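Structural overview for review
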Amino acid sequence: MELTNDTCITPIKIVRTLDNCYPGSRRVLDSITELLNPRLQEELKSQRYGNDTLRQIEINTAMSFYDDFHCKTNYVIADESLKLRQADYYDELLTMYSEDEIDREGLYLRPRYQIGPLSKRTGLIYATIVFEKSFSFLSEKEQKRLMSEYFMTVVERIALRKKKLNYDFSLLMTDFKNVLDWWVNK
């Protein structure tokens, strides 16, 4: 879908990639939909930050989950310093776990952050943040705090990559942090 100049979208949107998650994260994910995104829509106005080259940063949340014996995905976060290619993930996972553990637990090695390119046609950047199983066993407040930290990291990394754009990332990050602080304490 091509966006037009009169399309009103928030510069940052958080999306659940799948509805699946461990029960301990259900309320946090629901609060993204019910509280955080509406507040982002209300508080972050595209025209405050710059041109239409960057229209929206869509941050997807990829949660570990276990639905039943045959349907489970438990992410293991890859060490960023290893600079692994996607083809290397499984071999690296085998250095940490046995094949039996990988199959039994539904383990997948993934980077914490995946940030795509800026689409010149739509002005969108898609990013994904991966959450390991243990994340869902933290308190609701701690999950929100960590998510906020991860969300900010994505925007900071995009700002570094796109510093040549005529875009006020500094103001965007300040406004985004204010909304995230509100959400964490809600």
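Residues numbered from 1 in each chain as written. Predicted model: local features only at pLDDT ≥ 70, side-chain atom pairs only at ≥ 80, totals over all residues. Heavy atoms only, no water.

**Some thoughts on the overall build of the protein chain**
Put simply, the test is: Working definition: helices are DSSP H or I runs of at least four residues, strands are E runs of at least two. Numbering for both runs from the N terminus. C-alpha atoms define the radius of gyration in this analysis, and the globule rule sets the expected value at 2.2 Å times the number of residues to the power 0.38. Throughout, the Shrake-Rupley method with a 1.4 Å probe supplies accessible areas, and for residues the shown protein chains are the sole cover considered. Neither His nor the chain ends is counted toward charge; the positive residues are Lys and Arg and the negative residues Asp and Glu. Note that the charge is assigned to NZ on lysines, CZ on arginines, CG on aspartates and CD on glutamates.
When its secondary structure is counted, the protein chain shows 5 helices and 7 strands. Written out in order from the N terminus, the α and β elements of the protein chain read β-α-β-β-β-α-α-β-β-β-α-α. Taking 16 Å as the expected radius of gyration for a compact globule of 186 residues, we find that the protein chain reaches 18 Å, a close match to that expectation. Along the first, second and third principal axes, the C-alpha set of the protein chain runs to 55 × 35 × 30 Å. Counting only carbon and sulfur atoms, one obtains 49% of the accessible surface of the protein chain, whose full area is about 10300 Å². Charged side chains of the protein chain number 27 positive and 29 negative; the gap between the two group centres comes to 6 Å.

**Comments concerning helix H1 (residues 26–43)**
Counted only if it meets this: In this scheme, a helix's expected span is set at 1.5 Å multiplied by one less than its residue total. Take the seven residues that end at a residue and the seven that start at it, fit an axis to each, and the angle between those axes is the bend at that residue. In what follows, a contact means two residues having at least one pair of non-hydrogen atoms within 4.5 Å.
With 18 residues, H1 extends 25 Å from end C-alpha to end C-alpha; this agrees with the ideal 26 Å at 1.5 Å per step. At Ile32, H1 shows its largest kink, close to 40°. Close packing links the buried residues of H1 with strand S1 (12–16), strand S2 (56–63), helix H4 (140–161) and helix H5 (169–185).

**A short note on the pairing of S2**
As a reminder, the rule being used: Three labels apply to residues, based on accessible area from a 1.4 Å probe with only protein chains included: buried if under 20% of the type maximum, exposed if over 50%, partly exposed otherwise in between. When DSSP locates at least two bridges between a pair of strands, those strands are taken to pair.
Taking burial as the measure, the 8 residues of S2 include 8 buried ones, the bulk of the element. The alternating pattern of S2 places Gln56, Glu58, Asn60 and Ala62 on one face and Ile57, Ile59, Thr61 and Met63 on the opposite face, and all of these are buried. Pairing between S1 and S2: 5 bridges, direction parallel. What sits directly across from Lys13, in S2, is Glu58.

**Some details on empty space enclosed by the protein**
Test applied: Grid points spaced at 1 Å over the protein atoms alone were grouped into cavities, where a 1.4 Å probe fits but cannot get out, and pockets, open sets with protein on both sides within 12 Å along at least five of seven lines, with lining residues defined by an atom within 4 Å of a point. Grid points are joined across faces, edges and corners, and a volume is the space filled by probe spheres set on the points. In this count, Pro and Cys sit with the nonpolar residues alongside Ala, Val, Leu, Ile, Met, Phe, Trp and Tyr, while Asp, Glu, Lys and Arg are called charged and the others, Gly among them, polar.
Scanning the entire structure with this criterion turns up 1 cavity of 30 Å³ or more. In this structure, the largest cavity occupies an estimated 30 Å³ of space. Of the residues that constitute the lining of the largest cavity, the class distribution is 2 nonpolar, 3 polar and 2 charged.

**Points about the packing of H4 against H5**
Formally: Between N-to-C directions, angles cover 0 to 180 degrees, with each direction set by a line fitted to C-alpha atoms, over the stretch in contact for helices. Here roughly perpendicular refers to angles of 65 to 115 degrees, roughly parallel to angles under 35, roughly antiparallel to angles over 145, and oblique to all remaining angles.
Two elements in contact, H4 and H5, have axes whose closest approach is 10 Å; the angle formed by their N-to-C orientations is 170°. Taken together, the axes of H4 and H5 are roughly antiparallel relative to one another. Judged by residue contacts, Lys141, Lys144, Arg145, Met147, Ser148, Phe151, Met152, Val155, Glu156, Ile158 and Ala159 of H4 engage Phe169, Leu172, Met173, Phe176, Lys177, Leu180, Trp183, Val184 and Asn185 from H5. Taken together, the residues of the contact of H4 with H5 break down into 13 nonpolar, 2 polar and 5 charged.

**Points about the nonpolar core**
What tends to happen in soluble globular proteins is that the nonpolar side chains get buried as a cluster. Filter applied, for reference: As used in this record, nonpolar core signifies buried Ala, Val, Leu, Ile, Met, Phe, Trp, Tyr and Cys residues forming a set joined through side-chain atoms within 4.5 Å.
Within the largest apolar cluster, 41 residues are counted, with the highest numbers of intra-cluster contacts made by Met147, Phe151 and Phe176. Put simply, the parts of the chain that give this core at least two residues each are S1, H1, S2, strand S6 (113–115), strand S7 (124–131), H4 and H5. Among the elements that make up this core, the one with the highest residue count is H4 (9 residues). Beyond its immediate stretch of four places on either side in the chain, Met147 contacts Val28, Leu29, Ile32, Thr61, Met63, Phe131, Phe135 and Trp183.

**A closer look at the side chain of Ser31**
Put simply, the rule is: Think of a polar contact as two N or O atoms within 3.5 Å of one another; within protein, one of them needs to be a possible hydrogen donor and the other a possible acceptor, and neighboring residues in sequence only count if both atoms come from side chains.
Its place among the elements puts Ser31 in helix H1. By relative accessible area, which is 6% here, Ser31 ends up buried. One polar contact links Ser31 to Trp183, side chain to side chain, over a distance of 3.0 Å.

**Examining the environment of Leu107**
By the element assignment, Leu107 lies in strand S5 (residues 107–110). Sequence-wise, Leu107 and Val76 are 31 residues apart; in three dimensions their C-alpha atoms are separated by 6.6 Å. What Leu107 contacts, discounting residues up to four positions off in sequence, is Asn74, Val76, Leu93, Tyr97, Glu101 and Ile102.

**Some points on the pattern of salt bridges**
Stated formally: Every case where a carboxyl oxygen of Asp or Glu lies within 4 Å of a side-chain nitrogen of Lys or Arg is listed as a salt bridge.
According to the stated counting rule, one finds 12 salt bridges in the structure shown. A salt bridge links Arg16 to Asp30, with the nearest nitrogen and oxygen atoms 3.0 Å apart. Here Asp30 lies in helix H1 and Arg16 lies in strand S1, a separation of 14 residues in the sequence. Look at Asp30 and you get partly exposed, because its relative accessible area is 24%. Among the salt bridges present, the one from Glu43 reaches Arg39, with a minimum N-O distance of 3.7 Å. Placement of both Glu43 and Arg39 in helix H1 is noted, with a separation of 4 residues, approximately one turn of the helix. Residue classification places Glu43 among the partly exposed residues on the basis of a relative accessible area of 36%.

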